[in-house]
Amino acid sequence: MTRINLKGLNRTKKKLADGSERIYYYLGKGGPRLEGEPGSPEFIASYHAAVEAQRRIPKDTLQSVIDAFQVSSDFTSLAAKTRADYKKHIKHIETEFGDFPLKAMDDRRTRGEFLAWRDRVGAVSRRQADYRFSVLARMIAWGFNRGLVLTNPCERPGRLYRSTRSESVWSDEDEAAFMEKAPVHLRLALILALWTGQRQGDLLKLTWSAYNGTHIRLKQSKTGARVIIPVGAPLKAALEEAKRKLAEMEEGKPRPLTILATEGGTAWTESGFRASWRKACAKSGVVGVTFHDLRGTAVTRLALSGCSEAEIATITGHSLRDVAAILDAHYLKRDPRLAESAIRKLERRTDSPN
């Protein structure tokens, strides 16, 4: 058996979800992960492909930073959906700036060139332009922190898009209309979102094992935050009814593992859920609000019920700063009920004896 020395190998031991350990091999500390078992033809081919790819990447261009970022833990630790979104934008960035020389980063005109590109994208979609520029800025900031670029021309660029969703809160009328017209399996999705304040992706993945009759436990895919949510009476009633229907299903028919499921009992895909949700909203006459707005609506309703920002954050998984920002800038919309409550409290204080 011939032993072959492969230069630049780096190995990392990781603990898997089932408790076992696995060793992964990389080309260099920041290089791509190699496929196959060490010594196998697949492993050797993967190694040589990685070496060849490194040779083709000019070390003095932005492409080298882009490629290094994509194999770093800063990128690989992102949620799968976030990585997929990043990759879409990275393709555009590579086309536009992949061959941009790193030595030009400290030229004052570079910032202007990057911003001019963002403005061109913004002519089509300001929101997409901000997102795409933020991906570029994050990669350059990553390279700057590691000494790969000497200056960061993308710091504090401001934003093109300004959210106007201060009115985008589900009203009681919206909820009532949806509950009257939408199919039962989508009504459960509405109640679950309003009483947990969780993101659509996390709710679609939520399994029955996460519900113990009194609480729902989940780990948020975007932030990794673990939340334990007490189940309110309306949500408990909806969940128990759904469980009862599961128990009554015909013998031999597969039972869904996820709490939210299609009429056929299968787990939702995100695109399938969005399409069905749009149809249900149209049928119900609900306009101007989205499923995502249910998260902010939950925050708003908790605040109007007298919950503190800390209490709200414990349920929704937001940081305290994010809860405050949501209430101040996006969702609370200076609700007149708060003004009424404030005046009543002041009256009680004035009328009370000293």
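Residues numbered from 1 in each chain as written. Predicted model: local features only at pLDDT ≥ 70, side-chain atom pairs only at ≥ 80, totals over all residues. Heavy atoms only, no water.

(A) Here's a closer look at the overall build of the protein chain. If you tally the helices and strands in the protein chain, you get 15 helices and 4 strands. Expressed as a percentage of the 354 residues in the protein chain, the buried residues total 38%. Contacts spanning at least 24 positions in sequence make up 57% of the contacts within the protein chain whose residues lie at least 6 apart. (Helix = DSSP H or I, 4+ residues; strand = E, 2+ residues; numbered from the N terminus. Buried < 20%, exposed > 50% of the residue type's maximum accessible area, 1.4 Å probe, protein only. Contact = heavy atoms within 4.5 Å.)

(B) Focus on the packing of helix H2 (residues 62–70) against helix H4 (residues 80–97). Contact geometry for H2 and H4: axes closest at 10 Å, N-to-C directions at 165 degrees. Judged by the inter-axis angle, H2 sits roughly antiparallel to H4. In this structure, H2 meets H4 at a crossing whose hand is left-handed. Across from Leu 62, Gln 63, Ile 66, Asp 67, Phe 69 and Gln 70 in H2, the residues of H4 making contact are Tyr 86, Lys 87, Ile 90, Ile 93, Glu 94 and Phe 97. Across the contact of H2 with H4, the residue classes tally to 7 nonpolar, 2 polar and 3 charged. (Axes fitted to C-alpha atoms, helices over the stretch in contact; angles between N-to-C directions. Parallel < 35°, antiparallel > 145°, perpendicular 65-115°, else oblique. Left-handed = near helix turned anticlockwise from the far one by under 90°. Nonpolar A, V, L, I, M, F, W, Y, C, P; charged D, E, K, R; others polar.)

(C) Quick look at the confidence of the model for the protein chain. Looking at the protein chain, pLDDT values average 85 and 87% of them are 70 or higher. Here helix H15 (residues 336–351) stands out as the least confident element of the protein chain, with mean pLDDT 71; helix H8 (residues 184–196) is the most confident, with 96. (pLDDT = per-residue confidence, 0-100.)

(D) Here's a closer look at the packing of aromatic side chains. According to the stated counting rule, one finds 16 aromatic pairs in the structure shown. Consider the rings of Phe 97 and Phe 114, whose centres lie 4.8 Å apart with planes at 85 degrees: the pair is edge-to-face. You can see Phe 97 sitting in helix H4 and its partner Phe 114 sitting in helix H5 (residues 108–122), a full 17 residues away along the chain. Using a relative accessible area of 0% as the deciding quantity, one classes Phe 114 as buried. Between Phe 97 and Trp 117 the ring centres are 5.3 Å apart and the planes differ by 85 degrees, which places this aromatic pair in the edge-to-face class. Remark: Trp 117 occurs in helix H5 and Phe 97 occurs in helix H4; sequence separation between them is 20 residues. (Phe/Tyr/Trp six-rings, centres within 6.5 Å; stacked < 30°, edge-to-face > 60°.)

(E) Looking closely at the side chain of Ser 284. Secondary-structure assignment places Ser 284 in helix H11 (residues 270–284). Reaching out from Ser 284, the side chain makes a polar contact with the backbone oxygen of Ala 280 at a distance of 2.7 Å. If near-sequence neighbours (up to four positions away) are discounted, Ser 284 is found in contact with Ala 177, Phe 178, Lys 181 and Ala 182. (Polar contact = N/O pair within 3.5 Å; in protein donor to acceptor, adjacent residues only side chain to side chain.)

(F) Local environment of the nonpolar core. Among the nonpolar cores identified, the biggest contains 39 residues, and Trp 170, Phe 178, Ile 216, Leu 239 and Trp 277 are the most heavily contacted of them. Every element with two or more residues in this core is listed here: H8, helix H9 (200–205), strand S3 (215–219), strand S4 (226–230), helix H10 (233–247) and H11. Looking at this core element by element, the count peaks at 8 residues for H8. Residues within four places of Phe 178 in sequence aside, it is in contact with Trp 170, Leu 186, Arg 187, Leu 190, Trp 277, Ala 280, Cys 281, Ser 284 and Val 286. Counting residues in hydrophobic clusters, the runner-up holds 28 residues, among them Leu 62, Val 65, Phe 75 and Ala 104. (Core = buried A, V, L, I, M, F, W, Y, C linked by side-chain atoms within 4.5 Å.)

(G) Broad picture of the environment of Ile 90. One can find Ile 90 in helix H4. With 24 residues separating them along the chain, Ile 90 and Ile 66 place their C-alpha atoms 8.0 Å apart. Filtering out sequence-adjacent residues up to four positions away, Ile 90 remains in contact with Ile 66, Gln 70, Phe 75, Val 135 and Met 139.

(H) Structural context of the packing of H8 against H11. Viewed as axis vectors pointing N to C, H8 and H11 meet at an angle of 95 degrees, and their least axial separation amounts to 11 Å. With respect to their mutual orientation, H8 and H11 come out roughly perpendicular. Of H11, the residues touching H8 (which contributes Leu 186, Ala 189 and Leu 190) are Phe 273, Ser 276, Trp 277 and Ala 280.

(I) Broad picture of the pattern of salt bridges. Summed over the entire model, instances satisfying the criterion amount to 12 salt bridges. Ionic pairing is found between Glu 21 and Lys 13, a salt bridge with its closest N-O pair at 3.9 Å. Of the two residues, Glu 21 and Lys 13, neither departs from the other in class, the shared state being exposed. Put simply, Asp 85 and Lys 81 hold a salt bridge, and the shortest N to O gap is 3.5 Å. Of this pair, Asp 85 and Lys 81 are both found in helix H4, 4 residues apart, which corresponds to roughly one turn of the helix. Lys 81 gets classed as partly exposed once you look at its relative accessible area, which sits at 46%. (Salt bridge = Lys/Arg side-chain N within 4 Å of Asp/Glu carboxyl O.)

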